[in-house]
Amino acid sequence: MALTGDDIGLEQHKLIKNVQDLTEVESHVARQLLQEMRWNFESLAELYYEDTEKLLAKAGIAVSEAAVDNPAQGSESGLHLEADGSFMCQVCYDTFEGEKVAANVRVFPSCGHAMCKGCWFQQLKTQIIEEGVSARISCPGFSMVDGRVVRCNIILDELFVGNLLKEVELAQEEPDAQRTRARYHKQLNFNYVNNNQCIKWCPATDCTSAVRIKDAFDENSYCTDVVCSNGHKWCFNCSDEPHAPADCSQVKDWRKKCAEDKASCAWLVQFTKECPKC
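Notes on the structure in this doc start here.

Thresholds, definitions, all that
Residues numbered from 1 in each chain as written. Predicted model: local features only at pLDDT ≥ 70, side-chain atom pairs only at ≥ 80, totals over all residues. Heavy atoms only, no water. Phe/Tyr/Trp six-rings, centres within 6.5 Å; stacked < 30°, edge-to-face > 60°. Buried < 20%, exposed > 50% of the residue type's maximum accessible area, 1.4 Å probe, protein only. Helix = DSSP H or I, 4+ residues; strand = E, 2+ residues; numbered from the N terminus. Lys NZ or Arg CZ within 6 Å of the ring centre and 35° of its normal. Expected span 1.5 Å × (residues − 1). Contact = heavy atoms within 4.5 Å.

1. A short note on the packing of aromatic side chains
Throughout the structure, instances matching the rule amount to six aromatic pairs. Look at tyrosine 48 and tyrosine 49: their rings are 5.5 Å apart centre to centre, the planes differ by 65°, and that puts the pair in the edge-to-face class. Tyrosine 48 gets classed as buried once you look at its relative accessible area, which sits at 14%. Using a relative accessible area of 64% as the deciding quantity, one classes tyrosine 49 as exposed. Ring geometry for tryptophan 120 versus phenylalanine 160: centroids 4.9 Å apart, planes at 70°, classification edge-to-face. In this pair, tryptophan 120 sits in helix α7 (residues 117-130) while phenylalanine 160 sits in helix α8 (residues 158-171), placing the two residues 40 residues apart along the sequence. Judged by its relative accessible area of 0%, tryptophan 120 falls in the buried class. What makes phenylalanine 160 buried here is its relative accessible area of 12%. Members of the aromatic cluster, each reached through a chain of ring pairs, are Phe108, Trp120 and Phe160. Positioned above the aromatic ring of phenylalanine 236, the side-chain terminus of lysine 200 is 5.2 Å from the ring centre.

2. Quick word on α7
Here α7 spans 19 Å end to end across 14 residues, near enough to the 20 Å set by a 1.5 Å rise per residue. Among all positions in α7, only Lys117, Cys119, Trp120, Phe121, Leu124, Lys125, Gln127, Ile128 and Ile129 are buried. Of the surrounding secondary structure, the elements contacted by the buried residues of α7 are α6 (99-104), β4 (105-107), β5 (114-116), α8 and α9 (177-194). Once α7 finishes, glycine 132 follows within two positions and takes phi at roughly 70°, a positive value.

Quick look at the structure:
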């Protein structure tokens, strides 16, 4: 079945709704759980009934079991101000006072780490643009434990990341804000497709559609042709051109042989000459 970008989004929302009905968590937490379980609702439900705390910890969610039953819990701000009401960012060490604290400082409620919007954005930009991460963006905060610096292991959820990127973009505070936000949402869709063995992106240049099959094709099958919503035909198993009745391994071997023959011909042309007497 051919899928457009909108179809992929609808599938994700349907699974997220199923998780919300099961766990009564908010939608951004449900997405985080699904991402950790590779969008497999059955596996998620099984682990949820076996060990809820293990599931939350696996997904990098700092939520108590009680908060699963009451999503309003766990939202208390962890912003700690100096005695004079000022706040110093633990990353850039800029100090904000008075109204500038509310305007420039953001705190991730799950772990309580806070920093200025500029530092939050730079951390997100690094992971989204440079590292290609969207599903498991770690909180860059840290704490001092027994004189040691301990990095936070909590995963930033879609709600926090999306709201901060949107806020920075609307304020036109960073030149790469729009690109970073667009890449983030694009990569969320990629995460869904790339973690589903029955869905693949169309390999055609600049095509943004995908194809879903009911069951994964056998590796040795030759009837693996699919067509995306834009009419591109390709092999679902190897993402190459349709090649029936040959299977994928036969096509791979043939191309390898052709490449070797081509290299042999190039060597003969460069290092040999025809015999002048025969």
